[in-house]
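Results of the structural survey
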Amino acid sequence: MKNNTGTIILNGCSPVPISSYLKAIGIMRILTKQIDPGMRACWNENDHFIMETQFSLSEIVDFFLTQYSPSPFFDPWNGGSGFFKRIDKKTKKRVNSTKATKTVEAVISSLTPRLEHSRIILKMIVDILNRSGIENSPSENKKKELIMILRASLPDYALEWLDASILVSATSTSYPALLGTGGNDGNLDFANNFYQRLKELFNFETGKPSPESENWLEGALSGEATVGLIRNVAMGQFNPGMTGGVNATAGFKDSSVVNPWEYVFMLEGTLLFSAAASRRLSAGKIDRFAYPFTVRPVRAGYSSSSSVEDIRSEMWLPLWENPASISEISCLFSEGRATVGARNASDGLDFARATASMGVDRGISQFERYSFILRNGRSYFATPLGRFDVHSDAKVDLIDEVKPWLDRMKRASSDGPGSVLSASRKIENRILELCISGTDMALYRLFLETGKAERTVVRSGIWKDRPYLNPLVLRSSQWIEKTYDGSAEYRLAASIASCWSKASGSVRYLIEPLNRQSAFPGFDKDRKKEGIWHGSLVDGMISILARVLIEAEKGDIKSYPVQSRFSAMIDDIALFLDEQVNYRKIQELVNSLMLIDWHNYNDSCPWEDRFPLEIKPSGTWSLLKLVHLHAPPYGIVIPVNRAILRLASSGKLNEAVKKAANRLRGSGLTPVFRKATGSSALSKRIAAALLFPLSHRDVYRIMKSVVTVESFETVGKEN
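Before going into details, it helps to say that this report is about the structure given with it.

Helix and strand content of the chain: 26 helices and 25 strands. Relative to a compact globule of 719 residues, whose C-alpha radius of gyration would be 27 Å, the chain shows 35 Å and is clearly more extended. A principal-axis box enclosing the C-alpha atoms of the chain has dimensions of 115 × 60 × 50 Å. With 719 residues in all, the chain has 53% of them scored as buried. Taking as baseline every contact in the chain between residues at least 6 positions apart, the subset at least 24 positions apart corresponds to 72%. Of the roughly 31300 Å² of accessible surface on the chain, 49% is carried by carbon and sulfur atoms.

In structure tokens:
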């Protein structure tokens, strides 16, 4: 009995392609079951598989060449499984042998003890087919019946393959993408090809290895180039790079090449993916299949994705950096799930979210993401889509506020406008970016994309016949804390987005057709798509303010009605008037910031302690702003006059100033000037900037700069 444990690095086993990953766990599974139960393994920083074993590499090589006993593989529900002969055209009977049937017969008639398990199982299957009168690949209903018979009749050691390749419940049948459609991919039958590769590795009569077997084995373990590989043999979806075809080599076209040991180890590795049909707790009579680390696909995270691609599903294969036993790994695979909050991950975005918040089993350091994509119109390929680290990041928790809305949006766009589908794809990409990097900038990009998507939904009008597609509401204050980039544009946008008035509600109610009567945010089907936020930022701000003033007048509100959760800073307003800020950025940020639940926002302003620059906006704007204050100091009453905004926005700045000056004099304040000049463009910017709310400190600053000290002090004493 050996007691010493050594380390063996398998350079030929890496997480990419998927065939190499399966090869690694297949080798470990075989060695543990057949010669070294105490073996442990993990992945190192170079993406190589490391085994801690009591056997040397030469002893392991000798074991595989002379003693390895393959697991039984079979799929009599498939036409190319080797259990059904071809029909003779003359006799109309199934009497003609095929390469597949000859392979099954070779296993059944073999003499070597190495094939004992396979020999027993294949004989049993032939007997079951004969007793059941099945002479051809069965129909879907018969297939289910046959699988149930096999499950009840075959010994336990044969059931691993059944669990890995096909799932049958009381109500349905499902095929895990890892093994195609029940152990085959098109015309390629995995089980029969497994035995064909075994025939190339050792003699079915004597069990002795073939002359090439050792060379192939060393190549499979070391990853070094190996000569004499088998050509024109399909590898299937597991290694797209070895399938051959156009541009597969230095010439124009080449045939596929396969190392038989690679294929054998790979299929042995799939047996760790035992699956089960589980019942959704809240779904009553509906059965739901669960397969290890497999979720619905999302078309995001890779540049070649297309909305017309046929994708079966995604798999997120775990990588662990601490040595683990086969029982620990089997337990990991049998659980095979990641969680998001209290629920299991259901698609690729959920899984990415789970990896970024440690909602996975302990011991996993990374996941390799694969998607089974139909390419070239012929075959599905297990396409690697990137590596995801398992880490904890509070920012990623914010995805939970977006993901349910995104799911509804995707559902609505399945037969809706392409613009909505495109918007959902962009959000998916931003979510994956955030899960990978975890940076504030990634969250900022996601934040902007949600605002754009919401506007796309509103403009499309798709919400009118999709009652489940409600407006997106972001309730966490972390969105502002984590996305604030320190810019004047952000501060100005936040002051606009958080504006509201008693008569017209929040700015969002003015920009979007929301139902103001509902207790929960929802679209109002009776309201038309809003048009006040489609033009330039300046035009949009003027339209918002004009609408607010109209609503206030209808409600018999005499004073300026606009309030805000965040005030604008006076130096930022000066930059706005001088065109020293990015208007497009402000508009995009407003689209996102208005999604915040401002009604329940109770956190402090992230920039409230910022020291403002020593710049002031123009006196003209300051004068006009004094007649657009929600709560002037000292209880001064300044009735609002919609004509002032109308004049300023139409370029009649001097007339607007005259009216504002008269309004101030009527309230007891004496302006230091009553005339103004400026271009039509400047006049419009001044009109738009009247929307910006001010803090009490800045109100005093502008008041002292445009009214006489005497009148200011007099009004203060009187009130």
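Resuming the write-up.
Our next topic: the pattern of salt bridges. One pass over the full model with this rule turns up 39 salt bridges. Where Asp185 meets Arg312, a salt bridge forms, and the shortest distance between an N and an O atom there is 3.8 Å. Residue Asp185 is found in strand S8 (residues 184–185), and its partner Arg312 is found in strand S17 (residues 311–320); the two are separated by 127 residues along the sequence. Between Lys452 and Glu588 there is a salt bridge, and its shortest N-O distance comes to 3.9 Å.

Taking 1.5 Å as the rise per residue, helix H13 (residues 418–437) with 20 residues should run 28 Å; its terminal C-alpha atoms sit 29 Å apart, in good agreement. If you check which residues of H13 are buried, you get Val420, Ala423, Ser424, Arg425, Ile427, Glu428, Ile431, Leu432, Leu434 and Cys435. Once H13 finishes, Gly438 follows within two positions and takes phi at roughly 70°, a positive value.

Reading across from one edge, S24-S23-S25 is the order of the 3 strands in this open sheet, with antiparallel pairing throughout. Whereas interior strands pair on both sides, the edge strands pair on one side only; in this sheet they are strand S24 (505–506) and strand S25 (563–564). When strand S23 (residues 499–501) meets S25, the two strands line up antiparallel, connected through 2 bridges. Looking across to S25, one finds that Trp500 is bridged to Gln563.

Attention now moves to the pairing of strand S2 (residues 40–43). As judged from the 4 bridges shared by S2 and strand S3 (residues 49–53), these two strands associate in the antiparallel manner. What sits directly across from Trp43, in S3, is Phe49. Counting the residues between successive antiparallel strands, the hairpin from S2 to S3 contains 5 residues, one of them, Asp47, with a positive phi of roughly 65°. As judged from the 2 bridges shared by S2 and strand S18 (residues 324–325), these two strands associate in the antiparallel manner. Residue pairing in the sheet places Arg40 in a bridge with Ser325 of S18.

Moving on: a positive patch on the surface. A grouping of Lys658, Arg665, Arg674 and Lys675 is seen on the molecular surface, where their side chains present a positively charged patch. For Arg665, the position within the fold is in helix H23 (residues 653–666). Classification of Arg665 as partly exposed rests on a relative accessible area of 47%.

Bringing the packing of helix H1 (residues 18–34) against helix H9 (residues 260–269) into the picture now. Helix packing geometry: the angle between the two helix axes and the distance between the axes. Contact pair H1 / H9: the axes reach a minimum separation of 6 Å and the direction vectors enclose 75°. When the axes of H1 and H9 are compared, the pair comes out roughly perpendicular. Residue-level contacts link Ser19, Leu22, Lys23, Ile25, Gly26, Ile27, Arg29 and Ile30 of H1 to Glu262, Phe265, Met266, Glu268 and Gly269 of H9. The class makeup of the residues in the contact of H1 with H9 is 6 nonpolar, 3 polar and 4 charged.

It is worth spelling out the nonpolar core at this point. Within the largest apolar cluster, 220 residues are counted, with the highest numbers of intra-cluster contacts made by Phe64 and Phe576. Every residue in contact with Phe64, bar those within four places of it in the chain, is listed here: Ile27, Ile30, Leu31, Arg114, Leu217, Trp261 and Phe265.

The next subject is the environment of Met541. Position of Met541 among the secondary structure elements: in helix H18 (residues 537–554). Classification of Met541 as buried rests on a relative accessible area of 0%. Between the C-alpha atom of Met541 and that of Ser346, which follows or precedes it by 195 residues, the distance is 41 Å. Not counting residues within four places of it along the chain, the set of residues in contact with Met541 comprises Ile496, Trp533, Phe576, Ala688, Ala689, Leu691 and Phe692.

The next subject is a negative patch on the surface. A grouping of Asp62, Glu214, Glu218 and Glu224 is seen on the molecular surface, where their side chains present a negatively charged patch. When you line up the elements, Glu218 lands in helix H8 (residues 213–222). You can call Glu218 partly exposed: its relative accessible area is 40%.

The subject of this paragraph is the side chain of Ser424. In this structure, Ser424 sits in helix H13. You can call Ser424 buried: its relative accessible area is 1%. If near-sequence neighbours (up to four positions away) are discounted, Ser424 is found in contact with Leu406, Met409, Lys410 and Ser413.

Moving on: helix H22 (residues 642–649). Residues Ala643, Ile644, Leu645, Leu647 and Ala648 constitute the buried set of H22. Residues of H22 that are buried in the fold lie against H18, helix H21 (619–626), H23 and helix H24 (680–689). Where H22 starts, the residue carrying a side-chain oxygen 3.0 Å from the main-chain nitrogen of Ala643 turns out to be Asn641. Downstream of H22 by a residue or two, Gly651 has a phi angle that is positive, lying close to 90°.

Turning next to the packing of aromatic side chains. Taken as a whole and judged by the stated rule, the model has 33 aromatic pairs. Consider the rings of Tyr21 and Trp43, whose centres lie 5.5 Å apart with planes at 10°: the pair is stacked. Within this pair, whereas Tyr21 is found in helix H1, its partner Trp43 is found in strand S2, the two being separated by 22 residues in sequence. For the pair shown, Tyr21 and Trp43 are each scored as buried. Each ring, one from Phe64 and one from Phe265, has its centre 4.8 Å from the other, and the planes form 65°; the classification is edge-to-face. One end of the pair, Phe64, is in helix H2 (residues 57–66); the other, Phe265, is in helix H9, with 201 residues separating them in the sequence. Linked through ring pairs, Phe273, Tyr291, Phe293, Trp316, Phe333, Phe351, Phe367 and Phe388 together constitute an aromatic cluster. In this arrangement the basic side chain of Arg312 is found over the ring face of Tyr380, its NZ or CZ atom lying 3.7 Å from the centre.

A word on the sheet that holds S3. Strand order in this open sheet of 4 strands is S1-S3-S2-S18, and the pairing throughout is antiparallel. Edge positions in the sheet fall to strand S1 (6–10) and S18, since each has one partner strand and no second.

The rules we used
- Residues numbered from 1 in each chain as written.
- Predicted model: local features only at pLDDT ≥ 70, side-chain atom pairs only at ≥ 80, totals over all residues.
- Heavy atoms only, no water.
- Helix = DSSP H or I, 4+ residues; strand = E, 2+ residues; numbered from the N terminus.
- Rg over C-alpha atoms; globule rule 2.2 N^0.38 Å.
- Buried < 20%, exposed > 50% of the residue type's maximum accessible area, 1.4 Å probe, protein only.
- Contact = heavy atoms within 4.5 Å.
- Areas by Shrake-Rupley, 256 points an atom, 1.4 Å probe, with all protein chains shown as cover.
- Salt bridge = Lys/Arg side-chain N within 4 Å of Asp/Glu carboxyl O.
- Expected span 1.5 Å × (residues − 1).
- Pairing = 2+ DSSP bridges.
- Patch = residues over 30% accessible without salt bridge, like charges linked within 9 Å, V, L, I, M, F, W, Y side chains within 5 Å.
- Lys, Arg positive; Asp, Glu negative; His and termini not counted.
- Charge placed at Lys NZ, Arg CZ, Asp CG, Glu CD.
- Axes fitted to C-alpha atoms, helices over the stretch in contact; angles between N-to-C directions.
- Parallel < 35°, antiparallel > 145°, perpendicular 65-115°, else oblique.
- Nonpolar A, V, L, I, M, F, W, Y, C, P; charged D, E, K, R; others polar.
- Core = buried A, V, L, I, M, F, W, Y, C linked by side-chain atoms within 4.5 Å.
- Polar contact = N/O pair within 3.5 Å; in protein donor to acceptor, adjacent residues only side chain to side chain.
- Phe/Tyr/Trp six-rings, centres within 6.5 Å; stacked < 30°, edge-to-face > 60°.
- Lys NZ or Arg CZ within 6 Å of the ring centre and 35° of its normal.

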